[in-house]
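An overview of the molecular structure
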Amino acid sequence: MASLFPEADGCCRLLDAGAGIGSLSAAFLARWRSGGFQFQQVEVDAFELDHELIRHLSSTFAYSHHSNNGLVVTIHEADFIEAAVDSLSGNLFSVPLKSYTHAILNPPYKKINSHSAHRHLLRQVGIETVNLYSAFVALAVALAAPGGHIVAIIPRSFCNGPYYRPFRAFIAERAAIRHLHLFGSRNKAFKDDAVLQENVIIHLECCAAQGAVTVSTSTDDTFSDLATHEHPFDRIVFPGDSERFIHIPTSPEKQDSEHSSMVRYTLDDIGLTVSTGPVVDFRLKTHLRDMPDQDTAPLFYPCHFSGYATTWPLTGSKKPNAIKRNTETERWLYPNGFYCVVRRFSSKEEKRRIVASVVDPEMFDEMAVLGFENHLNLFHENRAGIPKPLAWGLAVFLNSTAVDERFRRFNGHTQVNATDLRMMKYPSRSTLIELGVWAMQRDNLSQSCIDEKIESMT
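Thresholds applied
- Residues numbered from 1 in each chain as written.
- Predicted model: local features only at pLDDT ≥ 70, side-chain atom pairs only at ≥ 80, totals over all residues.
- Heavy atoms only, no water.
- Helix = DSSP H or I, 4+ residues; strand = E, 2+ residues; numbered from the N terminus.
- Buried < 20%, exposed > 50% of the residue type's maximum accessible area, 1.4 Å probe, protein only.
- Contact = heavy atoms within 4.5 Å.
- Areas by Shrake-Rupley, 256 points an atom, 1.4 Å probe, with all protein chains shown as cover.
- Lys, Arg positive; Asp, Glu negative; His and termini not counted.
- Charge placed at Lys NZ, Arg CZ, Asp CG, Glu CD.
- Core = buried A, V, L, I, M, F, W, Y, C linked by side-chain atoms within 4.5 Å.
- Phe/Tyr/Trp six-rings, centres within 6.5 Å; stacked < 30°, edge-to-face > 60°.
- Lys NZ or Arg CZ within 6 Å of the ring centre and 35° of its normal.
- Arc of directions from axis to C-beta.
- Pairing = 2+ DSSP bridges.
- Axes fitted to C-alpha atoms, helices over the stretch in contact; angles between N-to-C directions.
- 1 Å grid on protein atoms, 1.4 Å probe; cavity = no way out; pocket = protein on both sides within 12 Å on 5 of 7 lines; lining within 4 Å.
- Points joined across faces, edges and corners; volume = space filled by probe spheres on them.
- Nonpolar A, V, L, I, M, F, W, Y, C, P; charged D, E, K, R; others polar.
- Parallel < 35°, antiparallel > 145°, perpendicular 65-115°, else oblique.
- Left-handed = near helix turned anticlockwise from the far one by under 90°.
- Polar contact = N/O pair within 3.5 Å; in protein donor to acceptor, adjacent residues only side chain to side chain.
- Salt bridge = Lys/Arg side-chain N within 4 Å of Asp/Glu carboxyl O.

1. Digging into the overall build of the chain
- On a plain count of helices and strands, the chain comes out with 12 helices and 20 strands.
- Each principal axis of the C-alpha atoms in the chain carries an extent, and together these give about 80 × 50 × 40 Å.
- Going through the 458 residues of the chain one by one, you find that 52% of them count as buried.
- Counted over contacts in the chain with a minimum sequence separation of 6, partners at least 24 positions apart contribute 75%.
- Total accessible area on the chain is roughly 20500 Å²; 50% of this is exposed by carbon and sulfur atoms.
- Positive and negative charge centroids in the chain, built from 45 and 52 side chains respectively, lie 2 Å apart.

Given below as structure tokens:
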């Protein structure tokens, strides 16, 4: 992280928010000590709330003082959000912070409640976000001097999804992305915190024009398989994307799905909708049944799907197989029909992030309605089933390697949200139906077979 900052001289004003024991500052100062920077003076503001960690933090800087002339360190045993907002809001009695030339961050990871004091404070300075890590990065950007550089290691969840849209917009308006490093493993860089997401190191330059972005990748923090490429910015944030999803290409070549004229339609264009399964089991617990009986409807969980097949009822499962039909449950059920379903969560061992299956109504001839549990996404047409070839074509397309690779470029966690599926581009309705007819005529839909067919259609 310290190596990502460009060479510089003069006076450095360094921010380390959530400093812990000072590892990141120590790396920055070690680079200065070894001649990597030509600063005459470095002024460090280190923020840390944990009193026990501050003892170690003080020791870290005490060692650095012996090695670096011109080092001035201020340790703030204070809430960084409170201090930063106080400084940015310019209140009469506020304590102003420096305009930082550099910031190096490993911020805390914790959700911010919409009604919390932190959320209220952040809104005072125009920051709307849902996690402490993105709040720390946004505040660092707000406190940075023009041309200031920020390097942070954070989970990748900010790259997509509606909750981080305001944060992405805030960053885009105030800084340029210079470098993105992706850790491919979901549980290595943040293994002590059980954060099951891919993690990134991001380098931002404040008040700078956006140019090409360097993207590097490694499996974990050993960097033993480090690979680095440079990409034009329109491969990172697609032109015209109002969501400003941040894509992280893992190879210098464009994937087929990027330049294919076939894959350019929205779900609205093809007349489909995708929704999260509406049955939240703990809220409807009294209406669930282990096995179907009189006046019940089939209830589907991810465990009911394997490949394209549906296994129902599933004996020996811990999940119920049915839901009682009554006035309290009827509004959560869908008419029997063909649907394409996608699991919301994939396991770490899953080869693909998106796993799609087909619900075949012929298995449930006597059932009028079906239930879909909240861990599934389903594609439908005005809350009703879709034509059989379309359901099959959609499932085959979603299970292709090209779609998986493109999806992984902006989705770095275990969850596949309906919003993510809604923002994707698809082939036309007629092309999906053609693909479905082809799939239904085959006995074996292997991955290589699917990928060859998709490639032949692009």
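2. Focus on the nonpolar core
- Grouped together as the largest cluster of nonpolar side chains are 51 residues, with contacts concentrated most on Phe80, Ile81, Ile150, Phe158, Leu180 and Leu204.
- For this core, the element with the highest residue contribution is helix α5 (residues 132-143), accounting for 10 residues.
- When near neighbours in sequence (up to four residues on either side) are disregarded, Phe158 contacts Tyr133, Tyr164, Phe167, Arg168, Val200, Ile202 and Ile246.

3. Quick word on the packing of aromatic side chains
- In this structure the tally under the stated criterion is 20 aromatic pairs.
- Connected via pairs of aromatic rings, a cluster forms that spans Phe300, Phe305, Trp312, Tyr334, Tyr339, Phe364 and Phe372.
- Cation over ring: Arg174 sits above Phe170, and NZ or CZ is 3.7 Å from the ring centre.

4. Focus on helix α1 (residues 23-33)
- By the burial criterion, the buried members of α1 are Leu24, Ser25, Phe28, Leu29, Arg31 and Trp32. Looking straight down α1, one finds its buried side chains confined to an arc of 155°; they lie on one side.
- Of the residues one or two after α1, Gly35 is the one with positive phi, at around 95°.

5. Examining the sheet that holds strand β4 (residues 100-105)
- Ordered by their spatial adjacency, nine strands build an open sheet running β3-β2-β1-β4-β5-β7-β6-β8-β9, and the pairing between neighbours is mixed. Looking at strand neighbours, the two that pair on one side only are β3 (71-76) and β9 (227-231), the edges of this open sheet. Ignoring which end each strand starts from, the neighbouring axes of this sheet average 15° apart.
- When strand β5 (residues 144-155) meets strand β7 (residues 199-206), the two strands line up antiparallel, connected through seven bridges. Residue pairing in the sheet places Ile150 in a bridge with Leu204 of β7.

6. Comments concerning empty space enclosed by the protein
- For the structure shown, the criterion picks out one cavity of 30 Å³ or more.
- By volume, the largest cavity amounts to about 30 Å³.
- Of all elements in the fold, only α6 (165-174) and β7 reach the threshold of two or more residues within the lining of the largest cavity.
- Of the residues that constitute the lining of the largest cavity, the class distribution is seven nonpolar, no polar and no charged.

7. Let's talk about the packing of helix α3 (residues 80-89) against helix α4 (residues 117-124)
- Where α3 meets α4, the closest approach of the two axes is 9 Å, and the angle between their N-to-C directions is 25°. The orientation of α3 with respect to α4, classified from their angle, is roughly parallel. As for the relative orientation of α3 and α4, their crossing is left-handed in sense. Along the contact surface, α3 presents Ile81, Glu82 and Val85, while α4 presents His118, Leu121, Leu122 and Gln124.
- For the contact of α3 with α4, the residue count by class is four nonpolar, two polar and one charged.

8. As for the environment of Thr310
- Following the sequence through the fold, Thr310 ends up in strand β14 (residues 309-310).
- Expressed as a C-alpha distance, the spacing of Thr310 and Val359, which sit 49 residues apart in the sequence, is 6.6 Å.
- In this structure, Thr310 is in contact with Phe300, His304, Phe305, Val358, Val359, Met363 and Phe364, ignoring residues within four places of it in sequence.
- At 3.2 Å, the side chain of Thr310 and the backbone oxygen of Val358 are in polar contact.

9. Describing the sheet that holds strand β20 (residues 376-380)
- Here we have four strands laid out as an open sheet, ordered β10-β20-β17-β18, and antiparallel in their pairing. Both outer strands of the open sheet, β10 (273-276) and β18 (356-359), are each paired with one neighbouring strand and no more. Averaged over all adjacent pairs, the angle separating strand axes in this sheet is 30°, with direction ignored.
- Strand direction decides the pairing type here: strand β17 (residues 339-343) and β18, joined by four bridges, are antiparallel. Each bridged residue has a counterpart across the sheet, and for Val342 the counterpart in β18 is Ala356.

10. Structural notes on the side chain of His102
- Note that His102 resides in strand β4.
- The residues contacting His102, other than those within four sequence positions of it, are Phe5, Ala8, Cys12, Arg13, Leu14, Leu15, Phe28, Phe39 and His149.

11. A closer look at helix α8 (residues 388-398)
- Burial analysis of α8 places nine of its 11 residues in the buried class, which makes it a mostly covered element.
- Burial in α8 covers these residues: Leu390, Ala391, Trp392, Gly393, Leu394, Ala395, Val396, Phe397 and Leu398.

12. Quick word on the pairing of strand β19 (residues 369-372)
- Here β19 shows two buried faces, one formed by Val369 and Gly371 and the other by Leu370 and Phe372.
- When strand β12 (residues 296-300) meets β19, the two strands line up parallel, connected through two bridges. When the bridges of β19 are listed, Leu299 appears paired with Gly371.
- One ladder, built from two bridges, connects strand β16 (residues 334-335) with β19; its direction is antiparallel.

13. Notes on the environment of Ala212
- Within the secondary structure layout, Ala212 lies in the loop between β7 and β8 (213-218).
- Residue classification places Ala212 among the partly exposed positions, given a relative accessible area of 38%.
- When neighbours within four sequence positions are excluded, Ala212 is seen to be in contact with Ile177, Arg178, Glu230, His231, Pro232 and Phe233.

14. Focus on the pattern of salt bridges
- A full pass over the atoms with the stated rule returns 11 salt bridges.
- Two residues, Arg168 and Glu243, come together in a salt bridge whose shortest N-O distance is 3.9 Å. Here Arg168, found in helix α6, pairs with Glu243, found in the loop between β9 and α7 (256-259); they are 75 residues apart in sequence, far enough to count as distant.
- Overall, the relative accessible area of 4% leaves Arg168 in the buried class.
- Ionic pairing is found between Glu381 and Arg429, a salt bridge with its closest N-O pair at 3.4 Å. Placement of Glu381 in the loop between β20 and α8 and of Arg429 in helix α11 (residues 429-440) is noted, with a sequence separation of 48 residues between them.

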